[in-house]
Amino acid sequence: MRDTDILADTALRQQLEAAGFARLDGSRLFGQLAIAADHWAALVRSWNDLGPDLYMADGGRYRRRRHATFAYDQGRFTRKPHQPHFQSRDYNPLNGDVQRWFDPVEQATIDNGAMRSIFAFCAHSFPLAGPQHVEMHQFRIEASLAEAGRPTPEGMHRDGVDWVFVMLVDRRNVGEGVTRIGAPDGQPLGEFTLAQAGDAVLIDDHRILHGVTEIHGVDPAQPAWRDALVLTFVAEG
């Protein structure tokens, strides 16, 4: 899978360099990438088939997930054999130091035109140097009468990588879910809500802590969920 011809957004790169994170709204992202409506609709539907995350040390059953890994080099993403997701407890005090096996992302999802454009956008937006290990996460956080949904149960955190891309895919019957940004010493740097499809944030993981507040159903009797795509990049070697 090779990059498409997507122009780097100079203002976005400058914001990322200056602040350590950069936000963009979905309409801007869709316009820049010229994402076709049918490709986006198919990508959104793929979130309806995620397996449960059975590794939650808090006992919660509010998270569904698929995972895939890639090698990135010289404009090409190559899928790696399926492997576990691993984070040190230094970065994830709740679920760290455990090899976590999740259902693999469907190949049709990876081959989707919208997803290919998002991969290419990240490759052009982050200042990547040399080969990269890339991880893709599809998350669905569910809220119910029995329990709130916790997008980041580990709290404000770093992921232990170099660069992080977080994009909202869908929100249904959800309140809250505020993204909070902080400095490594814990000083708050801002907060905002990814509210519309395609709203996204790019993060320098060395400089920024991030987290998302609990979600609750606006109508507690109806299904409620928050779907998000996360891509992480770390230099190999």
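Above this text you will find the structure in question.
Everything in this summary refers to the structure shown in the same document. Just so you know, these numbers come straight off a predicted model, no measurement behind them.

Side note on the overall build of the protein
On a plain count of helices and strands, the protein comes out with 5 helices and 14 strands. Based on the C-alpha atoms only, the size of the protein along its principal axes is roughly 45 × 45 × 35 Å. Looking at the protein as a whole, 52% of its 237 residues qualify as buried. A total accessible area of about 10,600 Å² is found for the protein, and carbon and sulfur atoms account for 51% of it.

A short note on the nonpolar core
Ile-118, Phe-165, Leu-229 and Leu-231 are the most contacted members of the largest nonpolar core, which has 37 residues in total. Among residues more than four places away in sequence, those in contact with Phe-165 are Ile-118, Phe-121, Cys-122, Phe-126, Ala-200, Val-201, Leu-202, Leu-229, Val-230 and Leu-231. By size, the runner-up hydrophobic cluster in this structure holds 13 residues, among which are Phe-139, Val-161, Phe-192 and Leu-194.

Here we look at the environment of Ile-118
Turning to its location among the elements, Ile-118 is positioned in helix H5 (residues 113-125). Between the C-alpha atoms of Ile-118 and Phe-30, which are 88 residues apart in sequence, the distance is 9.6 Å. Residues contacting Ile-118, with those up to four places away along its chain left out, are Leu-33, Trp-40, Leu-43, Phe-165, Met-167, Leu-229 and Leu-231.

As for the pairing of strand S6 (residues 132-143)
With 11 of 12 residues buried, S6 lies mostly within the body of the structure. By the bridge criterion, 10 bridges tie strand S3 (residues 63-73) to S6 in an arrangement that is antiparallel. Bridge pairing in S6 links Arg-66 to Gln-138. For S6 and strand S14 (residues 224-235), the ladder comprises 12 bridges, and the chain directions are antiparallel.

Observations regarding the packing of helix H2 (residues 26-33) against H5
Where H2 contacts H5, the two axes come as close as 10 Å, and the packing angle between them is 100°. With respect to each other, H2 and H5 are oriented roughly perpendicular. Contacts between H2 and H5 involve Leu-29, Gln-32 and Leu-33 from the former and Ser-117, Ile-118 and Phe-121 from the latter. A per-class count over the contact of H2 with H5 returns 4 nonpolar, 2 polar and no charged.

A word on the environment of Ile-35
Position of Ile-35 relative to the elements: it lies in the loop between H2 and helix H3 (37-45). Using a relative accessible area of 16% as the deciding quantity, one classes Ile-35 as buried. Taking C-alpha positions, Ile-35 is 9.1 Å from Ile-118, a pair spaced 83 residues apart along the chain. Beyond its immediate sequence surroundings of up to four residues, Ile-35 is in contact with Phe-30, Trp-40 and Ala-114.

Topic: H3
The set of residues buried in H3 consists of Trp-40, Leu-43 and Val-44. Buried residues of H3 fall within an arc of 100° about the axis and therefore sit on the same side. In H3, the exposed positions angled more than 90 degrees off the buried face are occupied by Asp-38 and Arg-45. Looking at the buried positions of H3, the neighbouring elements they touch are H2, helix H4 (107-111), H5 and strand S7 (163-172).

Describing the packing of helix H1 (residues 10-19) against H5
Two elements in contact, H1 and H5, have axes separated by 10 Å at closest approach and are oriented at 60°. Taken together, the axes of H1 and H5 lie oblique to each other. Mapping the contact onto sequence places Leu-12, Arg-13 and Leu-16 in H1 and Phe-121, His-124 and Ser-125 in H5. Its residues assigned to classes, the contact of H1 with H5 comprises 3 nonpolar, 2 polar and 1 charged.

What counts, and where the lines are drawn
- Residues numbered from 1 in each chain as written.
- Predicted model: local features only at pLDDT ≥ 70, side-chain atom pairs only at ≥ 80, totals over all residues.
- Heavy atoms only, no water.
- Helix = DSSP H or I, 4+ residues; strand = E, 2+ residues; numbered from the N terminus.
- Buried < 20%, exposed > 50% of the residue type's maximum accessible area, 1.4 Å probe, protein only.
- Areas by Shrake-Rupley, 256 points an atom, 1.4 Å probe, with all protein chains shown as cover.
- Core = buried A, V, L, I, M, F, W, Y, C linked by side-chain atoms within 4.5 Å.
- Contact = heavy atoms within 4.5 Å.
- Pairing = 2+ DSSP bridges.
- Axes fitted to C-alpha atoms, helices over the stretch in contact; angles between N-to-C directions.
- Parallel < 35°, antiparallel > 145°, perpendicular 65-115°, else oblique.
- Nonpolar A, V, L, I, M, F, W, Y, C, P; charged D, E, K, R; others polar.
- Arc of directions from axis to C-beta.

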